[in-house]
Amino acid sequence: MSMFVAACASSTPAAPRAKSATGERDTAIVHEPCDKDSASAEKVDVNGDGVPDIIHVKQDGREVCRVVDLNLDGAIDAFIYYDATGAERRRESDFDRDGRADEIAHYERGAVVLKERETNFDDKLDTWDHYEGSRLVRRERDSDGDQIIDQWWQFNNPNDEKCAVVATDQNADGKPDPTSVVDLCGESYGAPKPIAPPPGSAAPPAAGAASAAGQPAALGAAPASAATASTQAAGAAPAATQTAGAAPTPAPGTSAAPAGSAPAASQPAVKKGP
């Protein structure tokens with residue numbers, strides 16, 4: 001991104017006035033003549049309503065331009081112009097059906113290289129899209145209508161035409177400001193990087209893990225052994241292990257024998273009084 005900004009900045013020298021004139025553009029939308037009413041024009045009525053939908057304008061026996069009503073509504077949608085070889089060299093398109101071109105596309109050997117566009121309905125060009133191999137690679141915009149470029153777009157992801165690095169001129173010096181650079185796709189260019197745990201932190205217990213006695217694991221307790229985890233994964237309840245020599249766990253509802261006393265089985269029976 002820094003290389004892109006530096007390249008843009010170096011190509012536009014500093015100017016003594018508020019904005020550099022080197023970024024100035026002619027924003028007038030100029031229609032190239034195409035004599036659709038000439039005697040040599042060939043008119044085609046596609047839908048039979050008496051109004052020509054395609055008009056082939058010829059000169060010296062070859063087609064020089066064409067007038068097209070693409071949606072058959074009676075209004076002209078496009079003027080198409082051809083070079084001496086018959087390849088398309090220019091196209092004027094009216095997308096909002098107001099009788100004025102909204103986009104002028106320029107072609108070289110039949111491939112588009114530049115599109116001049118009017119995007120805010122003020123009848124002035126404000127966007128210049130540059131193409132290489134029919135792919136949009138660069139855009140210049142006059143966002144405030146003063147005929148001077150103040151936005152530079154670099155389409156650096158060939159797999160997604162919506163991804164671009166955009167720099168703007170916020171201080172009105174006619175050059176892209178390095179602090180204004182925005183990547184429209186950002187981290188989506190690659191897979192998100194995993195977040196590493198803080199150094200020295202213990203791995204959290206697996207969700208739903210239980211202690212050996214079937215109770216929830218205590219916070220910070222060591223995870224269950226691999227054998228226990230394997231048993232739990234198989235759906236079997238883990239058996240409660242006891243330390244060798246330890247007293248058995250009393251049954252529910254009974255009290256435990258005092259520490260150090262003999263097991264209940266070895267105590268003599270207590271006789272009842274008369």
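Thresholds applied
- Residues numbered from 1 in each chain as written.
- Predicted model: local features only at pLDDT ≥ 70, side-chain atom pairs only at ≥ 80, totals over all residues.
- Heavy atoms only, no water.
- Salt bridge = Lys/Arg side-chain N within 4 Å of Asp/Glu carboxyl O.
- Helix = DSSP H or I, 4+ residues; strand = E, 2+ residues; numbered from the N terminus.
- Buried < 20%, exposed > 50% of the residue type's maximum accessible area, 1.4 Å probe, protein only.
- Pairing = 2+ DSSP bridges.
- pLDDT = per-residue confidence, 0-100.
- Contact = heavy atoms within 4.5 Å.
- Phe/Tyr/Trp six-rings, centres within 6.5 Å; stacked < 30°, edge-to-face > 60°.
- Lys NZ or Arg CZ within 6 Å of the ring centre and 35° of its normal.
- Polar contact = N/O pair within 3.5 Å; in protein donor to acceptor, adjacent residues only side chain to side chain.

On to the pattern of salt bridges, then. The full count for this structure, using the stated rule, is 16 salt bridges. A salt bridge links Glu140 to Arg25, with the shortest nitrogen-to-oxygen separation between them at 2.8 Å. Of this pair, Glu140 sits in strand S9 (residues 135–141) while Arg25 sits in the loop between helix H1 (2–10) and strand S1 (42–44), placing them 115 residues apart in sequence. In this structure, Glu103 engages Arg117 in a salt bridge whose closest nitrogen and oxygen atoms are separated by 4.0 Å. With Glu103 in strand S6 (residues 103–108) and Arg117 in strand S7 (residues 111–117), the pair connects residues that are 14 residues apart, well separated along the chain. Classification of Glu103 by relative accessible area gives buried; the value is 13%. When salt bridges that share partners are traced, they join Glu32, Arg89, Arg90 and Glu92 into one network.

As a further point, take the pairing of strand S3 (residues 62–68). Within a regular strand, side chains alternate between the sheet's two faces. For S3, a buried count of five out of seven residues is recorded, marking the element as mostly surrounded by other parts of the structure. Pairing of strand S2 (residues 54–59) with S3 involves six bridges; the strand directions are antiparallel. Directly across from Ile54, in S3, lies its bridge partner Val68. Counted along the chain from S2 to the antiparallel partner S3, the turn is two residues long, and its residue Asp60 has a positive phi close to 55 degrees. In terms of strand pairing, S3 meets strand S4 (residues 78–82) through four bridges, oriented antiparallel. Residue pairing in the sheet places Val68 in a bridge with Ala78 of S4.

Before going further, it helps to examine unusual backbone geometry. With a phi angle near 60 degrees, Phe121 is a residue other than glycine that sits in the positive phi range. Here Phe121 is to be found in the loop between S7 and strand S8 (127–132).

Residues Val165 and Ala167 of strand S11 (residues 165–168) are buried on one face, and the alternating residues Val166 and Thr168, pointing to the opposite face, are buried as well. In this sheet, strand S12 (residues 182–183) lies alongside S11 in antiparallel orientation, the contact comprising two bridges. Following the sheet pairing, Val166 is matched in S12 by Val182.

Adjacent strands of a sheet form backbone hydrogen bonds with each other and so pair up, either parallel or antiparallel. Strands sit in the order S1-S2-S3-S4-S5-S6-S7-S8-S9-S10-S11-S12 across an open sheet of twelve strands; the sheet is antiparallel. Edge strands, defined here as strands with exactly one partner in the open sheet, are S1 and S12.

The next subject is the confidence of the model for the chain. Chain-level statistics for the chain give a pLDDT mean of 76 and a share of 61% at 70 or above. For the stretch residues 1–20, pLDDT sits under 50, and the model shows 37 contacts to residues farther than four places along the chain or on other chains.

This part takes up the packing of aromatic side chains. Tallied over the entire structure, the rule returns one aromatic pair. Arranged with centres 6.1 Å apart and planes meeting at 20 degrees, the rings of Trp153 and Phe155 form a pair that is stacked. Residue Phe155 is classed as buried on the basis of its relative accessible area of 6%. The ring of Trp128 has Arg25 lying over it, and the distance from NZ or CZ to the ring centre is 6.0 Å. It is Arg139 that lies over the ring of Trp153; its NZ or CZ is 5.1 Å from the centre.

Within the fold, Arg141 resides in strand S9. Within polar-contact distance, the side chain of Arg141 engages the side chain of Thr119 at 3.5 Å.

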